[in-house]
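Each chain, written out:
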Amino acid sequence: MRKPPYAGPDDTNQFDDLTPDEALRAFTSYRLLGDCFEQSSDDDLIGRGWLIEDWKALLRDRQQQAYRAERELSAAVRLARNEGVSWHDIGRTLRLPLEEVRARFDWPYGDH
């Protein structure tokens, strides 16, 4: 995980010509982006400037990652079941109630 960003004075003028409302909006955007990329290393953030500047691109990127993660999670559950792992063990590993795991992943009823 990255070191927390320095939030003190940085000798820049980036907020000087902003109204209080504009400054608050900019500061809030920085804070929210920090929350979004909290688990990213500095190396992971290299080259993401285009993404950070455009909230639509950020949403699309995260949506694609969420779809991919969901497909991989479904495949991992099917693999576990194929190897004889019980629904109880899968639920425990995912930290989800057994009923939720079965409703979500048990073919043909699950969402996979």
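Whatever comes next refers back to the structure up there.
Residues numbered from 1 in each chain as written. Predicted model: local features only at pLDDT ≥ 70, side-chain atom pairs only at ≥ 80, totals over all residues. Heavy atoms only, no water.

Before going further, it helps to spend a moment on the nonpolar core. Counting 6 residues, the largest nonpolar core consists of V77, A80, W87, I90, V101 and F105. At the level of secondary structure, the elements contributing two or more residues to this core comprise α4 (55-82), α5 (87-94) and α6 (98-105). If we skip the residues at most four places from it in the chain, V77 touches W87, I90, L94 and F105. (Core = buried A, V, L, I, M, F, W, Y, C linked by side-chain atoms within 4.5 Å. Buried < 20%, exposed > 50% of the residue type's maximum accessible area, 1.4 Å probe, protein only. Helix = DSSP H or I, 4+ residues; strand = E, 2+ residues; numbered from the N terminus. Contact = heavy atoms within 4.5 Å.)

Here we take up a nonpolar patch on the surface. Taken together, F15, L18, F27 and Y30 make up a surface patch of nonpolar side chains, about 380 Å² in accessible area. In this fold, F27 is placed in helix α1 (residues 20-36). Note on F27: relative accessible area 49%, which makes it partly exposed. (Patch = residues over 30% accessible without salt bridge, like charges linked within 9 Å, V, L, I, M, F, W, Y side chains within 5 Å. Areas by Shrake-Rupley, 256 points an atom, 1.4 Å probe, with all protein chains shown as cover. Salt bridge = Lys/Arg side-chain N within 4 Å of Asp/Glu carboxyl O.)

Our focus in this paragraph is the pattern of salt bridges. A side chain of one charge can pair with a side chain of the opposite charge when the charged atoms of the two come close. Taken as a whole and assessed by the stated rule, the structure comprises 5 salt bridges. The salt bridge involving R68 is made with E72; its shortest N-O contact spans 2.7 Å. Of the two residues, R68 and E72 both sit in helix α4, 4 residues apart, roughly one turn of that helix. You can call E72 partly exposed: its relative accessible area is 45%. The shortest N-O distance in the salt bridge between R102 and D106 comes to 2.8 Å. For R102, a relative accessible area of 38% gives the class partly exposed. Under the relative-accessibility criterion, D106 is labelled buried at 17%.

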